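# Examining the three-dimensional arrangement
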Amino acid sequence: MNSSPAAPTQFAPPEATGRSADPSPVPAPDLRVESHLLLTEAAVRRAWLAVKQAKGGAGVDGVTLACFAANLDGELAALRTEMLAGSYQPRPLRRVLVPKAGSGLRGLTIWTLRDRVAQRVVYDLIAPAFDAYFLPCSYGFRAGLGVDDAVQALVRHRDANLRWVVDADIRNCFDAIDRRRVARLVGKRVPNRLLMRYIRAWLDARVLTGMDGRVGRAGAAQGGVLSPLFANVYLHEMDRQLTEQGLALVRYADDFVICCRRKAQAQTAQQAAARSLARLGLELHPYKTGLRHFDQGFAWLGYFFIRNEFYRLAGGTNTP
């Protein structure tokens, strides 16, 4: 029996693990100040260190971490100059398919290193402003929170005798997020034209989708530094609607559960979640979403919950 679950490693970005991090909030910078006060040399270098720690391969330009680091000062200076001048443009992306935990494939966009650094600069600037208004039911890719916290929240609902669970899967969540709508939502809390120009450019970045050379758009597709933040901003609308109905929601990125006292209440909660997602242009996966009960057991976030116990699944890491 687990009372303090081990911490599965999360995919970057941002760099996170299931372990609860330092809960101290990061103060949000004033995004209305002049750009040179935001896009500082120190900010660009911090972003590079975060990208380096996250590792990852080369994008379409073939530039690896080692190549970028070989001329680090020049690369960072050139990137900062472009960003300050407003001339920065993201390069096209590669898209690959990687296995999902369990079964199936998921698309992953591969950005160039310079684009990942640029995104991380902007992420570090805007994330604190959003974290302050996200609801307590949201645990994924937030400062000081992780899988452990989501698991413990679920256990608290179980111990409150909310033992019927809506185990929900959003069909192709990241790919289905409306890039124009998420840009509007982000823009409400980012009062900076230059940063918003780059955010829209990343959402609209060209993606080579296959051997035929067809071009798609990046949107909030997984693989970008800002992708988890985009998903949290977008799904905050669902969080708000469901919690206003008094539902016991626990969400980790695009994985969420709703805990209820009775089966009929869980059925109603599932319908409410479906309606909320439909307003966002999203839908529940019909085969992967269903009602569970703690007495019967179910898996979530790399753990198996059965009666009053839960166990870490072998090789279980949460894959959003």
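Our subject is the structure that appears above.
Below, the structure is looked at part by part. (Residues numbered from 1 in each chain as written. Predicted model: local features only at pLDDT ≥ 70, side-chain atom pairs only at ≥ 80, totals over all residues. Heavy atoms only, no water.)

Moving on: a nonpolar patch on the surface. A cluster of nonpolar residues, Phe304, Tyr311 and Leu313, forms a patch on the protein surface that exposes about 230 Å² of accessible area. Judged by relative accessible area, which is 33%, tyrosine 311 ranks as partly exposed. (Patch = residues over 30% accessible without salt bridge, like charges linked within 9 Å, V, L, I, M, F, W, Y side chains within 5 Å. Areas by Shrake-Rupley, 256 points an atom, 1.4 Å probe, with all protein chains shown as cover. Salt bridge = Lys/Arg side-chain N within 4 Å of Asp/Glu carboxyl O. Buried < 20%, exposed > 50% of the residue type's maximum accessible area, 1.4 Å probe, protein only.)

Scanning the model with the defined rule gives 13 aromatic pairs in all. Taken together, the ring pairs connect Phe294, Phe298, Tyr303, Phe305 and Phe310 into an aromatic cluster. The cationic tip of arginine 189 hangs over the ring face of tyrosine 133; the distance from NZ or CZ to the ring centre is 3.7 Å. (Phe/Tyr/Trp six-rings, centres within 6.5 Å; stacked < 30°, edge-to-face > 60°. Lys NZ or Arg CZ within 6 Å of the ring centre and 35° of its normal.)

What follows is about the pattern of salt bridges. Per the counting criterion, the structure on display carries 16 salt bridges. Close ionic contact of arginine 292 with aspartate 167 constitutes a salt bridge, the shortest N to O distance being 3.4 Å. Linking arginine 292 in strand β8 (residues 290–293) with aspartate 167 in strand β3 (residues 164–169), this pair joins segments that are 125 residues apart in sequence. For arginine 292, a relative accessible area of 25% corresponds to the partly exposed category. With relative accessibility at 10%, the residue aspartate 167 sits in the buried group. (Helix = DSSP H or I, 4+ residues; strand = E, 2+ residues; numbered from the N terminus.)

Counting buried positions over the five residues of strand β6 (residues 248–252) gives five, a clear majority of the element. What you see with β6 is no split at all: Ala248, Val250 and Tyr252 on one side and Leu249 and Arg251 on the other are buried throughout. Pairing analysis gives five bridges linking β6 to strand β7 (residues 255–260), with the strands arranged antiparallel. Across the sheet, residue tyrosine 252 finds its bridge partner in β7, namely aspartate 255. In this structure, the hairpin formed by β6 and β7 is closed by a connection of two residues, where alanine 253 is found at a positive phi of approximately 55°. (Pairing = 2+ DSSP bridges.)

Purely geometric stuff here, so don't read any function into it on its own.
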